[in-house]
Amino acid sequence: MDISLIVGWIMGIILIVYGITFKKIGNFIDIPSVIIVVGGTIAALIASYPFKTLAQIPKHVGIMLNPKRYDAEKVIDIMVDMAKTARKKGLLVLEEQANGIKDPFLKQSIMLIVDAMDAEKIREMLESEVSAMSDRHEQDVSLYEKGTSVAPAFGMIGTLVGLVNMLKGMNMDGGGASSLGEDMSVALITTFYGCVLAHLLFGPMAKKLRIRNDEEFLYKQIIIEGVLSIQAGDNPKYLEEKLLSYLSQAQQNKIAKKRSGGAATEASS
């Protein structure tokens, strides 16, 4: 589990509270301000998105916390193994292996080459599916990016409401000026709430979803290139090097080190 999102939230809250100090934390608690900012942000998101999108929020959190859902190294190993099998026994043998695969995209890709479809049609079909996936993910990310813009806006609305009420209640002759500082601080709390929501909650969630989208996009690009290379009868070693080139140099070095270590252990035994 990737807990960096949760760790970041906890650290942010602790550091903000530490900066405020526990003695003065009560100065930053104002229920009407919470209602304006949190309630207004939720209302704006409900008005902007259908309920089927909003219902996906728990699923989105699960995706943010799961970094191993799309394991590029594992799928490269699967592609190389299938390439070896296809060169020895033919493409039709891959159907049996495909039936045991849980990933629907990988299974579909293998079945397309088993059915001997044209390579260009396979690429077009699979890349269209990946493009549609990215569009869906973009809509999901936009939900949280909308939150980053709406929350500060409602913070400003709350501040304006507070300032109007403060000015309306000022009475210099009756001693109204003595409460000016207190009233002004309450008016500004809503801006504080809006900034915290935008930059500590919604912003990191949007970024995490974009990272997961990039991981899935890379994973599926590797599958597309892998199955097309298998169909073309490419050498498994060449296929492995080709697919590894999609990974960062650090990832390639890590995989190479792991495999060389495994090979050394196998040789010594």
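Since we're looking at a predicted model, the values are computed, not measured. (Residues numbered from 1 in each chain as written. Predicted model: local features only at pLDDT ≥ 70, side-chain atom pairs only at ≥ 80, totals over all residues. Heavy atoms only, no water.)

Observations concerning the overall build of the protein chain
Logical step 1: When helices and strands are counted, the protein chain shows 11 helices and 0 strands.
Logical step 2: The N-to-C order of helical and strand elements in the protein chain reads α-α-α-α-α-α-α-α-α-α-α.
Logical step 3: Dimensions of the protein chain, computed from C-alpha atoms along their principal axes, come out at roughly 95 × 45 × 25 Å.
Logical step 4: Buried positions account for 34% of the 269 residues belonging to the protein chain.
Logical step 5: For the protein chain, the proportion of contacts with a sequence separation of at least 24, taken over those separated by at least 6, is 78%.
Logical step 6: Just so you have it, the protein chain exposes about 15700 Å², and 62% of that area is on carbon and sulfur atoms.
Logical step 7: Across the protein chain, the mean location of the 29 positive side-chain charges is 4 Å away from that of the 30 negative side-chain charges. (Helix = DSSP H or I, 4+ residues; strand = E, 2+ residues; numbered from the N terminus. Buried < 20%, exposed > 50% of the residue type's maximum accessible area, 1.4 Å probe, protein only. Contact = heavy atoms within 4.5 Å. Areas by Shrake-Rupley, 256 points an atom, 1.4 Å probe, with all protein chains shown as cover. Lys, Arg positive; Asp, Glu negative; His and termini not counted. Charge placed at Lys NZ, Arg CZ, Asp CG, Glu CD.)

With respect to the nonpolar core
Logical step 1: Core analysis: the largest hydrophobic core is formed by 35 residues, its most contacted members being Met79, Leu94, Ile110, Val227 and Ile230.
Logical step 2: Of all elements in the fold, only α5 (72-89), α6 (94-99), α7 (104-114), α8 (119-169), α9 (180-232) and α10 (236-244) reach the threshold of two or more residues within this core.
Logical step 3: Setting aside anything within four residues of it in sequence, one finds valine 227 in contact with Met79, Ser109, Ile110, Ile113 and Leu126.
Logical step 4: Residues Leu5, Ile63, Ile189 and Phe202 belong to the second largest nonpolar core, which totals 20 residues. (Core = buried A, V, L, I, M, F, W, Y, C linked by side-chain atoms within 4.5 Å.)

A few points about the side chain of serine 109
Logical step 1: Considering the arrangement of structural elements, one finds serine 109 in helix α7.
Logical step 2: With residues near it in sequence (within four places) discarded, serine 109 still touches Leu126, Ile223 and Val227.

A few points about the pattern of salt bridges
Logical step 1: One pass over the full model with this rule turns up 9 salt bridges.
Logical step 2: The salt bridge partner of glutamate 216 is lysine 220, with a shortest N-O separation of 3.0 Å. Linking glutamate 216 with lysine 220, this pair stays in helix α9, spanning 4 residues, or about one helical turn.
Logical step 3: Since its relative accessible area comes to 8%, glutamate 216 is described here as buried.
Logical step 4: We classify lysine 220 as buried; its relative accessible area is 10%.
Logical step 5: When the shortest N-O distance is used, the salt bridge between lysine 242 and glutamate 225 registers 3.7 Å. Here glutamate 225 lies in helix α9 and lysine 242 lies in helix α10, a separation of 17 residues in the sequence. (Salt bridge = Lys/Arg side-chain N within 4 Å of Asp/Glu carboxyl O.)

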